[in-house]
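A structural walkthrough
Okay, here's what each chain looks like letter by letter:
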Amino acid sequence: MRPHTSLPPDSLPPNGFPTPSAVRIAAAVRARELSAVDVVADTLARIEQAEPALCAFVEVWAEEASRRAAEVDAQVAAGVWLPLAGVPIGVKGRAGLRAAAARALVAAGCVPVGATSVPGPGTPWQTWGLGAGGRTVNPWRADRTPGGSSAGSAAAVAAGLVPIATGTDGAGSVRIPAAWCGVVGLKTTNGRLPSADRTGLAAAGVLTRYASDAAAYWRCVTAAVDAPGSGDVGGGGGGAERDRQKEPDPAGTAQEAEATRPAGTSEAPRAAGTAGTVEAPRAAGTAGTAGSARAVARAEAPYAVGAAQAAGAAQAAGAAQAAGAAQAVGDVPAPLTALWSADLGFADTDPQPAAIAHSAALRLADAGLVRLAGVVRPPVRRANAPVPGDAAPSHAANAPARHPEPQPHPRPLRLEDPGPAWLALRAAPDADPAILQAAQELRAENDRLLAALFAGADLLLTPTTPNAPHGHDGPGDRYSTALTWAFNLSGHPAISIPAGFDADGCPVGLHLVARPGEEALLLRMAGAAEAVRIHPARAPEAPA
């Protein structure tokens, strides 16, 4: 039998495949209702069909994946407990299997099917990917980039090729492609998991279609790196530092300085330096995850494939949502106090992503998941202002709800633009000492402001990006990292979840930031948000 999926048909991009959750795949394989060999064979067939147009993979490991799947089936038959038995995954870049997170997923029963695309050399921007067959396209619109540098991972998950793909996030390289491809993208607390990035700016992350799968990733990876004698212990312990000697440089991380540099500007500082050159990563906090898998599992409904069954599947999903949403809310200590900012005090955010993300934040409040205590910065567009194209039925769900404006927060947040500090720290130790000193002072000031914010709030909500996905000719003079790289400097964990679609049919992400070490809270919130469907589904038109 095939495992069911939970997302309605209109949440899939053109030519996308209905995707069961990794949690459900693993349950079916453990129950011997599915074999890992069959699951992987189906995945490889999907990749073969999609890759000529999508170009999400730089390598496909068909023989190795089939062999590993057979090993998983043998382990299951022998009674070995594998929490992610038979789940096919993509890993970021050719060296991705050497990362601690990927090793933990394989130990949990996952089957790597290939290396996902990352940016190639020779361009001044890195929000794109280069697969074996050419440039990686956005599954929702082939004329747009999926984002980067975890480009192929996001595209593969969004297109339904794999339910989980690994990523690294040095300035937004997980969260930006997650937003632009309409999937979930988690950036972990800096220093919590091993990383080869000696500046401390990059953190491990994951891209998934379902929040429950991101939670399963988090449980498996933290359990592995925290195990006695693993050598992968994060959180500022010696294990993470030792592991830097055996981990590859995260694909795309060394080029993140160029990822943020607009085309036509001078050459960005190169990644260099030794451990300890810049300020150490922030303290990690606690490990563990609870509740998110339960929240999403309750909301999952059978997925009917085929046009004749599409309406029934959507109706079933809605019925399951009504029954499960209230229980999902119970998995979060709701309502959490959340603050909204469209620009963090400095970013030039476009009206559409600001309005769509703000509407998603209001839907969280309507569901009782958050209490919007105030506005950190007023939304760029008023909450009841129409988004261009919202008059069309396919955009009606994105129309901002008519809510009274929250009262201004007594301590409005206005961060310093982190760009100069990020670039200087990435260049250390080659940067001018005076520039490095100024960068550390800016970082300390933003840390102080964020500490004051999180003393009175549980979450900070923003759009994930200030702009829509750009074309394959590059972003021009826009900094797509404007709302994400502040939290690579500060070390806070963050997650991008789907918020809706703009007038061009491109996904928009809602960015949730929590205190260091509170990944579990972010994942529970993402699962509850998924259960109450804050993401308005939409079926884009298939290309001619």
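Fair warning: this is a prediction, and the values are worked out from it, not measured in the lab. (Residues numbered from 1 in each chain as written. Predicted model: local features only at pLDDT ≥ 70, side-chain atom pairs only at ≥ 80, totals over all residues. Heavy atoms only, no water.)

**A short note on the confidence of the model for the protein chain**
The test is simple: On a scale of 0 to 100, pLDDT captures the predictor's confidence in every residue. Pairs of residues are marked as contacts when any of their non-hydrogen atoms sit within 4.5 Å.
Taken as a whole, the protein chain shows an average pLDDT of 78; of its residues, 69% reach a score of 70 or greater. For residues 1-10, every residue scores under 50 in pLDDT, and the model assigns this stretch 39 contacts once sequence neighbours within four places are set aside. Counting contacts from residues 381-408, a segment whose pLDDT is below 50, to residues more than four positions away or on other chains yields 53 contacts.

**A closer look at the pattern of salt bridges**
Which entries qualify depends on this criterion: We define a salt bridge as a contact between a side-chain nitrogen of Lys or Arg and a carboxyl oxygen of Asp or Glu at a distance within 4 Å. By the criteria applied, helices consist of DSSP H or I runs no shorter than four residues and strands consist of E runs no shorter than two, each listed in order from the N terminus. Each residue's exposure class comes from its accessible area (1.4 Å probe, protein chains only) as a fraction of the maximum for that residue type: buried when under 20%, exposed when over 50%, partly exposed otherwise.
Applying the stated rule across the entire model yields 13 salt bridges. For Glu59, the salt bridge is made with Arg94, and the minimal N-O distance between the two is 2.9 Å. Placement of the pair is Glu59 in strand S1 (residues 57-60) and Arg94 in the loop between strand S2 (88-92) and helix H4 (100-107), with a sequence separation of 35 residues. The exposed category is assigned to Arg94, whose relative accessible area is 55%. The closest approach of N and O atoms between Asp143 and Arg141, which form a salt bridge, is 2.6 Å. Residue classification places Asp143 among the partly exposed residues on the basis of a relative accessible area of 39%. Put simply, Arg141, Asp143, Arg144 and Asp504 are held in one network by salt bridges that share partners.

**Description of the side chain of Ser480**
Applicable threshold: N or O atoms closer than or at 3.5 Å make up a polar contact, with two conditions inside protein: a donor-capable atom paired with an acceptor-capable one, and, for residues adjacent in sequence, both atoms drawn from side chains.
Mapped onto the elements, Ser480 comes out in the loop between strand S11 (459-463) and helix H15 (486-490). In this structure Ser480 comes out as buried when scored by relative accessible area, which is 4%. A polar contact of 3.3 Å, which involves the side chain of Ser480, links it to the side chain of Asn467.

**With respect to the environment of Gly79**
Checked against the element boundaries, Gly79 lands in the loop between helix H3 (62-77) and S2. Once the C-alpha coordinates of Gly79 and Arg30 are considered, the two residues, 49 residues apart in sequence, prove to be 9.0 Å apart.

**Brief notes about the nonpolar core**
When a protein is soluble and globular, its nonpolar side chains tend to lie buried together. In plain terms, the rule: Definition of nonpolar core: a set of buried residues of the types Ala, Val, Leu, Ile, Met, Phe, Trp, Tyr and Cys, connected through side-chain atoms within 4.5 Å.
With 100 residues, the main nonpolar core has Leu459, Leu461 and Leu510 as its most contacted residues. Here this core takes 9 residues from helix H7 (residues 211-226), the largest share from any one element. Leu459 has contacts with Leu336, Thr337, Ala338, Leu339, Val370, Phe454, Leu512, Val513, Ala514, Leu521, Leu522 and Met525, leaving out every residue within four places of it along the chain. Residues Leu449, Ala482, Phe487 and Val513 belong to the second largest nonpolar core, which totals 17 residues.

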